[in-house]
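Fold and geometry: a report
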Amino acid sequence: MTPYQIYAVMVLCARDVDVIWHVLDAAGNQGGNPALPPAGTPGLGYVTAASFDALAQLRCDDTIISKGNNVYYGLVLRCHTATAPFVPGDYLVAVRGTMDTEEWFNDALALLPRNSPRGPGQVGEGFWDIYDTMTLNDLAGGGAQANVAPAIAAMVAARPGKVWVVGHSLGAALATYLAADLQPALKAAAPAVEMDPYFFASPKTGTGDYVANYQRTIATYSLVNYAVDVVPMVPPDLLGYSALNGGGPSHDVHIISYPTAGGLPNSLANNHSPVGYARMLDPANAIAAALPAP
């Protein structure tokens, strides 16, 4: 597959974990376990039981001050049936984006910088405070594990396979922080395992010195933003924030130009849509063409 074809699949995987949130919310079951949708479920692209087993869910607190609303934020999956670019044994760690008004308020707190707990620079307080509450919860009723990266690394060490990490929008910011913790955890537990993170429509996760250190220390990542999507424009450069740096094949930062063939009609929602991203990145992707736009 070409890089653009892989990008299209990955952004649709990020969208799929968003859709699963809506299924839980419609059932009033944010406190429960998500069920991996069966093959052929309308509105889903790649994250179904046809290709993956769900191993665990990621959960975070939405109410940052009182920490009173703990909800589903994504999935840890393992591929059992090949669907390019995934092969059996691969892991997919997918983090969802912003879903409701409360989360938009939490996102707004990212305008307030705080010192990075993982090295030089500053990160967005709203993004980091959500990430800092993240736990890994198995789907068999076991307790929540607060040390998410080592817990995922232990799962991978038991049955090694490549680890793909993906997020869109807020999920991209959270996945950025998670990948930074997961890389050393994997190196300690399963040193031969490869990690490949993908971030789409990502707000700026930290200040210039934070992203410079990220590039120095994280072996590989891909960031894809659309030139007219407003979310990657915040928090503003004026406050010292910066997008991740590109540089060579291991640190790929790709800006989709405007206009690009396959793009949805110009609007705030369409310009941020993962379906729109996928259609522009790979116009031949039949799943992206069939999925509904916002």
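So, a few notes on the structure that sits alongside this text. (Residues numbered from 1 in each chain as written. Predicted model: local features only at pLDDT ≥ 70, side-chain atom pairs only at ≥ 80, totals over all residues. Heavy atoms only, no water.)

**Focus on the packing of helix α5 (residues 170–189) against helix α6 (residues 208–217)**
In plain terms, the rule: Axes, fitted as lines to C-alpha atoms, cover a helix only where it is in contact. Angles between the N-to-C directions of the axes lie from 0 to 180 degrees. Helix and strand labels come from DSSP, where a helix needs a run of H or I of at least four residues and a strand needs a run of E of at least two; each type is numbered from the N terminus. Working definition: roughly parallel below 35 degrees, roughly antiparallel above 145 degrees, roughly perpendicular at 65 to 115 degrees, and oblique for all remaining angles. Handedness of a crossing follows from how the near helix is turned relative to the far one, being left-handed for an anticlockwise turn of less than a right angle and right-handed for a clockwise one. In this description, contact between two residues means that some pair of their heavy atoms is separated by no more than 4.5 Å. Residue polarity is assigned by list, with Asp, Glu, Lys and Arg as charged and Ala, Val, Leu, Ile, Met, Phe, Trp, Tyr, Cys and Pro as nonpolar; anything else, Gly included, falls into the polar class.
Closest axis-to-axis distance for the α5/α6 pair is 11 Å, and the angle between their directions is 40°. When the axes of α5 and α6 are compared, the pair comes out oblique. For the crossing formed where α5 meets α6, the hand is left-handed. Residue-level contacts link T176, Y177, A179, A180 and Q183 of α5 to Y210, Y214 and T217 of α6. Of the residues that constitute the contact of α5 with α6, the class distribution is 5 nonpolar, 3 polar and no charged.

**Topic: a nonpolar patch on the surface**
To keep it simple, the criterion reads: Patches were defined on residues exceeding 30% relative accessible area and lacking a salt bridge, with like-charge contacts within 9 Å and nonpolar side-chain contacts (Val, Leu, Ile, Met, Phe, Trp, Tyr) within 5 Å. Residue-level accessible areas treat just the shown protein chains as cover; the underlying method is Shrake-Rupley with a 1.4 Å probe. We define a salt bridge as a contact between a side-chain nitrogen of Lys or Arg and a carboxyl oxygen of Asp or Glu at a distance within 4 Å. The cut-offs for exposure are 20% and 50% of the maximum accessible area for each residue type, with area from a 1.4 Å probe on protein chains only; residues under the lower value are buried, those over the upper are exposed, and the others partly exposed.
Taken together, the side chains of V230, M233, V234 and L268 define a hydrophobic patch exposed on the protein surface, amounting to about 360 Å² of accessible area. Inspection of the secondary structure puts V234 in the loop between β10 (221–226) and β11 (241–242). Overall, the relative accessible area of 41% leaves V234 in the partly exposed class.

**Some remarks on the packing of aromatic side chains**
Threshold: Centres within 6.5 Å make a pair out of two Phe, Tyr or Trp rings, where for Trp the six-membered ring is used; the pair is then stacked when the planes are under 30 degrees apart, edge-to-face when over 60, and tilted otherwise. Note on geometry: a ring has a charge over it if NZ (lysine) or CZ (arginine) is within 6 Å of the ring centre and within 35 degrees of the ring normal.
By the definition in use, this model includes 14 aromatic pairs. Here the aromatic rings of Y7 and Y198 are separated by 6.0 Å at their centres, their planes lie at 70°, and the arrangement is edge-to-face. Of this pair, Y7 sits in helix α1 (residues 3–26) while Y198 sits in strand β8 (residues 195–200), and the two are 191 residues apart along the sequence. In this structure Y7 comes out as buried when scored by relative accessible area, which is 3%. The class for Y198 is buried, based on a relative accessible area of 6%. Linked through ring pairs, Y4, Y7, F52, F86, W164, Y198 and F200 together constitute an aromatic cluster. A cation over a ring is seen here: R96 above Y73, with NZ or CZ 3.7 Å from the ring centre. The ring of W164 carries K162 above its face, with NZ or CZ at 3.8 Å from the centroid.

**What to know about the side chain of R78**
Selection criterion: All tallies of charge rest on Lys and Arg as positive and Asp and Glu as negative; His and the ends of each chain are not included. For this analysis, a polar contact is any N or O atom pair within 3.5 Å, provided that within protein one partner can donate a hydrogen and the other can accept it, and provided that sequence-adjacent residues contribute only side-chain to side-chain pairs.
The residue R78 is located in strand β2 (residues 70–79) in this model. No salt bridge is formed by the buried R78; the nearest opposite charge belongs to D53, separated by 6.6 Å. Within polar-contact distance, the side chain of R78 engages the side chain of Y91 at 3.1 Å. Setting aside residues no more than four positions away along its own chain, R78 makes contact with S51, F52, D53, L55, G89, D90, Y91, R159 and P160.

**Section: the sheet that holds strand β12 (residues 251–256)**
Inclusion rule: Following DSSP output, two strands are said to pair if at least two bridges run between them.
Read from one edge to the other, the open sheet built from 8 strands follows the order β6-β1-β2-β3-β7-β8-β10-β12, with strand pairing classed as mixed. Lying at the two open borders of the sheet, with one neighbouring strand each, are β6 (135–138) and β12. Ignoring which end each strand starts from, the neighbouring axes of this sheet average 20° apart.

Spatial relationships are all this shows, so hold off on functional conclusions.
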